[in-house]
Amino acid sequence: MTLEPSPSKFQKQVQELEERVTNLSKHNSNLQDQASKYALLLTEEKNEKKEILTKFTNLQTEQTKRVESFSKERLRRARKYYVLLGISILLLVILAVFVLTPLLYPGSNRPVG
């Protein structure tokens, strides 16, 4: 003798299974919505990161150009300073020769040289 489930018991099992399927479908749908939201947030975050990286690279390039420009200008000024210093020293030496020669050698009118 085999025991067969009664029709009401069978219907209850079918109804419980249908409810589980419905609940699992809802849960699956919620998970898919969350996954798509996180994917969208991740994409936005990646875009922001790329944008920040691009801004940083541009800023770094601009800063490097400024430093190079400042260094070149400083070298130009230093060259001008040393040229002017050399000319000044040369003029002082020439002036000293013309001023000191008559004082040291009062009888001669021309510088020794």
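Residues numbered from 1 in each chain as written. Predicted model: local features only at pLDDT ≥ 70, side-chain atom pairs only at ≥ 80, totals over all residues. Heavy atoms only, no water.

Undergrad: Describe in detail the overall build of the protein chain, supporting the description with residues and values.
TA: Check the secondary structure of the protein chain and you find one helix and zero strands. In the protein chain, buried positions account for 1% of the 113 residues. Carbon and sulfur atoms form 62% of the exposed surface of the protein chain, whose accessible area is close to 11,400 Å². (Helix = DSSP H or I, 4+ residues; strand = E, 2+ residues; numbered from the N terminus. Buried < 20%, exposed > 50% of the residue type's maximum accessible area, 1.4 Å probe, protein only. Areas by Shrake-Rupley, 256 points an atom, 1.4 Å probe, with all protein chains shown as cover.)

Undergrad: Lay out a nonpolar patch on the surface with the relevant residues and their values.
TA: A cluster of nonpolar residues, Leu92, Leu95, Val99, Leu100, Leu103, Leu104 and Tyr105, forms a patch on the protein surface that exposes about 750 Å² of accessible area. Tracing the backbone through its elements, the reader meets Leu103 in helix 1 (residues 7–104). The class of Leu103 is exposed, set by a relative accessible area of 62%. (Patch = residues over 30% accessible without salt bridge, like charges linked within 9 Å, V, L, I, M, F, W, Y side chains within 5 Å. Salt bridge = Lys/Arg side-chain N within 4 Å of Asp/Glu carboxyl O.)

Undergrad: Give me the packing of aromatic side chains: which residues, what numbers.
TA: Aromatic ring pairs are reported here in terms of the distance separating the ring centres and the angle at which the planes meet. One pass over the structure, following the stated rule, counts one aromatic pair. Ring centres of Tyr81 and Tyr82 lie 5.3 Å apart, and the angle between their planes is 65°; on these two criteria the pair is classed as edge-to-face. (Phe/Tyr/Trp six-rings, centres within 6.5 Å; stacked < 30°, edge-to-face > 60°.)

Undergrad: Can you tell me about the pattern of salt bridges, naming the residues and giving the values?
TA: Here the structure, examined in full by the defined rule, presents four salt bridges. The shortest N-O distance in the salt bridge between Arg77 and Glu73 comes to 3.6 Å. With Arg77 and Glu73 both in helix 1 and four residues apart, the pair spans about one turn of that helix. Exposure remark for Arg77: the relative accessible area of 59% places this residue in the exposed category. The class for Glu73 is partly exposed, based on a relative accessible area of 31%.

Undergrad: So what's going on with the side chain of Thr101? Residues and values would help.
TA: Inspection of the secondary structure assignment puts Thr101 in helix 1. A distance of 2.4 Å separates a polar atom in the side chain of Thr101 from the backbone oxygen of Val97. (Polar contact = N/O pair within 3.5 Å; in protein donor to acceptor, adjacent residues only side chain to side chain.)

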